[in-house]
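Coordinates in review
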Amino acid sequence: MVEKLDEAARAALPGTLPEWDMVEGRDAIRRRFRFRDFSEAWGFMARVALLAEAQDHHPEWSNVWNKVEIVLTTHDADGLSERDLRLARSIDELLQGAAPQG
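Presented here is a report on the structure given in the accompanying data block. Treat the numbers as computed from the prediction; the structure is a model and nothing was measured. (Residues numbered from 1 in each chain as written. Predicted model: local features only at pLDDT ≥ 70, side-chain atom pairs only at ≥ 80, totals over all residues. Heavy atoms only, no water.)

1. Here's the deal with the overall build of the protein chain
- Looking only at helices and strands, the protein chain features three helices and four strands.
- Reading the helices (α) and strands (β) of the protein chain from amino to carboxyl end gives α-β-β-α-β-β-α.
- Taken over the C-alpha trace, the protein chain has a radius of gyration of 13 Å; the compact-globule value for 102 residues is 13 Å, and the two agree within 12%.
- In terms of overall dimensions, the protein chain has a C-alpha envelope of 40 × 25 × 25 Å along the principal axes.
- When the 102 residues of the protein chain are sorted by exposure, 40% land in the buried category.
- With an accessible surface of roughly 6,200 Å², the protein chain has 51% of that area assigned to carbon and sulfur atoms.
- Within the protein chain, the 19 negative side-chain charges are centred at a point lying 5 Å from the centre of the 13 positive side-chain charges. (Helix = DSSP H or I, 4+ residues; strand = E, 2+ residues; numbered from the N terminus. Rg over C-alpha atoms; globule rule 2.2 N^0.38 Å. Buried < 20%, exposed > 50% of the residue type's maximum accessible area, 1.4 Å probe, protein only. Areas by Shrake-Rupley, 256 points an atom, 1.4 Å probe, with all protein chains shown as cover. Lys, Arg positive; Asp, Glu negative; His and termini not counted. Charge placed at Lys NZ, Arg CZ, Asp CG, Glu CD.)

2. Quick look at the nonpolar core
- Within the largest apolar cluster, 21 residues are counted, with the highest numbers of intra-cluster contacts made by Trp20, Ile29, Phe33, Phe44, Val68, Ile70 and Ile91.
- Apart from residues lying up to four places away in sequence, Trp20 is in contact with Ile29, Arg30, Arg31, Ile70, Leu72, Ala88, Ile91 and Asp92. (Core = buried A, V, L, I, M, F, W, Y, C linked by side-chain atoms within 4.5 Å. Contact = heavy atoms within 4.5 Å.)

3. Quick word on the environment of Val23
- Its location among the elements puts Val23 in the loop between strand S1 (21-22) and strand S2 (29-34).
- In the structure, Val23 is positioned 27 residues away from Leu50 in sequence and 24 Å away in space, judged by C-alpha atoms.
- Dropping the residues within four chain positions of it, Val23 is found in contact with Ala28, Ile29, Arg30 and Val71.

4. Section: the packing of aromatic side chains
- By the definition in use, this model includes five aromatic pairs.
- Ring geometry for Phe33 and Phe35: centres 6.3 Å apart, planes at 20 degrees, overall stacked.
- With 4.9 Å between their ring centres and 35 degrees between their planes, Phe35 and Phe44 make a pair best called tilted. Here the two residues Phe35 and Phe44 agree in accessibility, since each one is buried.
- Among the aromatic side chains, those forming a connected cluster through ring pairs are Trp20, Phe33, Phe35 and Phe44. (Phe/Tyr/Trp six-rings, centres within 6.5 Å; stacked < 30°, edge-to-face > 60°.)

5. Points about the packing of helix H2 (residues 38-55) against helix H3 (residues 82-95)
- Look at H2 against H3: their axes get within 10 Å of each other, and the N-to-C directions meet at 145 degrees. Classified by chirality, the crossing of H3 by H2 is right-handed. In this structure, H2 uses Phe44, Arg47, Val48, Leu51, Ala52 and Gln55 to contact H3, whose residues at the interface are Arg83, Arg86, Leu87, Ser90, Ile91, Leu94 and Leu95.
- Of the residues contributing to the contact of H2 with H3, the split by class is eight nonpolar, two polar and three charged. (Axes fitted to C-alpha atoms, helices over the stretch in contact; angles between N-to-C directions. Left-handed = near helix turned anticlockwise from the far one by under 90°. Nonpolar A, V, L, I, M, F, W, Y, C, P; charged D, E, K, R; others polar.)

6. Topic: H2
- The terminal C-alpha atoms of H2, which comprises 18 residues, lie 26 Å apart, in line with the 26 Å expected from a rise of 1.5 Å per residue.
- Of the positions making up H2, those classed as buried are Ala41, Phe44, Met45, Val48, Ala52 and Gln55. Projected down its long axis, H2 shows its buried positions confined to an angular sector of 100 degrees, all on one face. Set apart from the buried face of H2 by more than 90 degrees, the exposed residues are Ser39, Leu50, Glu53 and Ala54.
- Residues of H2 that are buried in the fold lie against S2, strand S3 (60-64), strand S4 (67-72) and H3.
- Backbone geometry just downstream of H2 places Asp56 in the positive-phi region, at approximately 50 degrees. (Expected span 1.5 Å × (residues − 1). Arc of directions from axis to C-beta.)

Printed below as a string of structure tokens:
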């Protein structure tokens, strides 16, 4: 069984994952990305899909042209868990050197 994050881990989120926001009304985090065009956004999604598959933790996400939104929560824990933070950190690392616009 996957455990939810404790209060100390939650309090640390703004410092450890500053680009990610809490989703109002849900125990989840979200980050929005903007790329130059659809191809760049889709390429990013393909790379995230490989990360997610390797970690066996799959995001909720959407794509509209050059925009991608990723929401992370752990359904087995009924909320945020360390699995979400690990995938968020991996996504952030993926973007280093190839950061999206705005």
